[in-house]
Amino acid sequence: MKVAIVTGATRGIGRQIAIDLAQEGYNVVINYNSNEAKALEVKALCDEFNEAIIVKGNVSEANECQAIIDAAMQKFGRINLLVNNAGITLDNLVLRMTEEDFQKVVQTNLNGTFYMCKYASKIMFKQKSGKIINMASVIGEVGNIGQANYSASKGGVIAMSKSFAKEFASRGITVNCIAPGYIQTDMTNVLSDEIKAEIAKQIPLKRLGEPKDISNAVCFLASDKASYITGQVINVCGGMVI
């Protein structure tokens, strides 16, 4: 039995990852923060392949992260894979960005990843095995206008993951990042067709990515084919960052 936790799994990239991992043979813990109906939809799709449960929890709160881990252990008794996908954006130019909006993004994207890795690693240490995949972003590597908070949080995820990879390797645990570029999700659907067309022109492959493109990378890193890969950042961005 293989067990995966996917945070922020009710839509977009997280939804696709949860479904694909179920198809790959994982029992899936579907984390959501607010939309139970969407979580149940994902559960039904995962249940077609393997067993899935939904667990409510805001990853920006340490105690709720611990509760997600506890629910996974109570149901399945082990954790083979953690995918830290939950994240938010609150974009604005720095002179207009409030301290609260900076903290909210860092608290969810960076602190939330820390909490989940910390609590999951305790289980994985005892198992002497496990895989952690943290969702970063190409914006965490190159920055972006109006996204100082988001780029700082995702850059922090990359640096933190490399430290975890060094700390956890002796226990047989790998830690890697995936850095998506522009992907067709709710975050990009708010953009006009004209803006999306301009973005596509700047991408060597001349298109925005799909959630499946990210999920394919997750499934690879989760597989035995990636057993000798740790501390790495895989850019899935159509060549946007070369």
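Summarised in this report is the structure supplied together with it. All figures in this text were calculated on a predicted structure; none of them were measured in a lab. (Residues numbered from 1 in each chain as written. Predicted model: local features only at pLDDT ≥ 70, side-chain atom pairs only at ≥ 80, totals over all residues. Heavy atoms only, no water.)

**Comments concerning the packing of helix α1 (residues 12-23) against helix α9 (residues 211-222)**
Each pair of packed helices can be summarised by the angle the axes make with each other and by the distance between the axes. As a reminder, the rule being used: Orientation is described by lines fitted to C-alpha atoms, with helices fitted over the stretch in contact, and by angles between N-to-C directions that extend from 0 to 180 degrees. Comment: elements are numbered from the N terminus, with helices defined as DSSP H or I runs of at least four residues and strands as E runs of at least two. The labels follow the angle: roughly parallel below 35 degrees, roughly antiparallel above 145, roughly perpendicular from 65 to 115, and oblique for the rest. The crossing is said to be left-handed when, going from far helix to near helix, the turn is anticlockwise and less than a right angle, and right-handed when the turn is clockwise. Every residue pair with non-hydrogen atoms within 4.5 Å of one another is taken to be in contact.
Between α1 and α9, whose axes approach to 9 Å, the crossing angle comes to 45 degrees. Relative to α9, α1 is oriented oblique. The hand of the α1/α9 crossing is right-handed. Together, G12, I13, Q16, I17, D20 and L21 of α1 and P211, K212, I214, S215, V218, C219 and A222 of α9 make up the contact between the two elements.

**Topic: the sheet that holds strand β5 (residues 130-135)**
Note the following rule: In this scheme, strands are said to pair when DSSP sees at least two bridges between them.
Read from one edge of the open sheet, seven strands run β3-β2-β1-β4-β5-β6-β7, paired in parallel fashion. Taken across any chain shown, the strands that pair with only one partner, and hence form the sheet edges, are β3 (52-56) and β7 (233-236). In this sheet, neighbouring strand axes are inclined to one another by 20 degrees on average, regardless of whether the strands run parallel or antiparallel. As defined by bridge partners, strand β1 (residues 2-6) adjoins strand β2 (residues 26-32) across five bridges and the pair is classed as parallel. Looking at the pairing, V3 lines up with N27 of β2.

**Things to note about the pattern of salt bridges**
The condition that has to hold: Salt bridges, as used here, are contacts in which a Lys or Arg side-chain nitrogen is within 4 Å of a carboxyl oxygen on Asp or Glu. To sort residues, take the accessible area from a 1.4 Å probe on protein chains only and compare it with the maximum for the residue type: under 20% means buried, over 50% means exposed, and anything in between is partly exposed.
Under the criterion given, the structure shown has six salt bridges. The shortest N-O distance in the salt bridge between E198 and K201 comes to 3.1 Å. Of this pair, E198 and K201 both sit in helix α8 (residues 193-201), three residues apart, which is roughly one turn of that helix. Taking the relative accessible area as the measure of exposure, K201 reaches 53% and is therefore exposed. Note that D213 and R207 form a salt bridge whose closest N and O atoms lie 3.5 Å from each other.

**Notes on the side chain of T185**
Tracing the backbone shows T185 in the loop between β6 (173-180) and α7 (186-189). Residue T185 is classed as buried on the basis of its relative accessible area of 13%. Other than its neighbours up to four places away in sequence, T185 contacts G12, I13 and P211.

**Considering the nonpolar core**
Short version of the rule: Take the buried residues of types Ala, Val, Leu, Ile, Met, Phe, Trp, Tyr and Cys, join any two whose side-chain atoms come within 4.5 Å, and each joined set is a nonpolar core.
Among the nonpolar cores identified, the biggest contains 40 residues, and I5, V29, I69, I79, L82, M116 and I132 are the most heavily contacted of them. Mapped by element, the contributors of at least two residues to this core are β1, β3, α3 (62-76), α4 (99-127), α6 (148-168) and β6. In terms of residue count, the dominant contributor to this core is α4 (ten residues). Sequence-distant contacts of I69, defined by excluding residues within four places in its chain, comprise I5, I79, M116, Y119, A120 and I123. With 29 residues, the next largest nonpolar core counts V28, I30, A52 and I183 among its residues.

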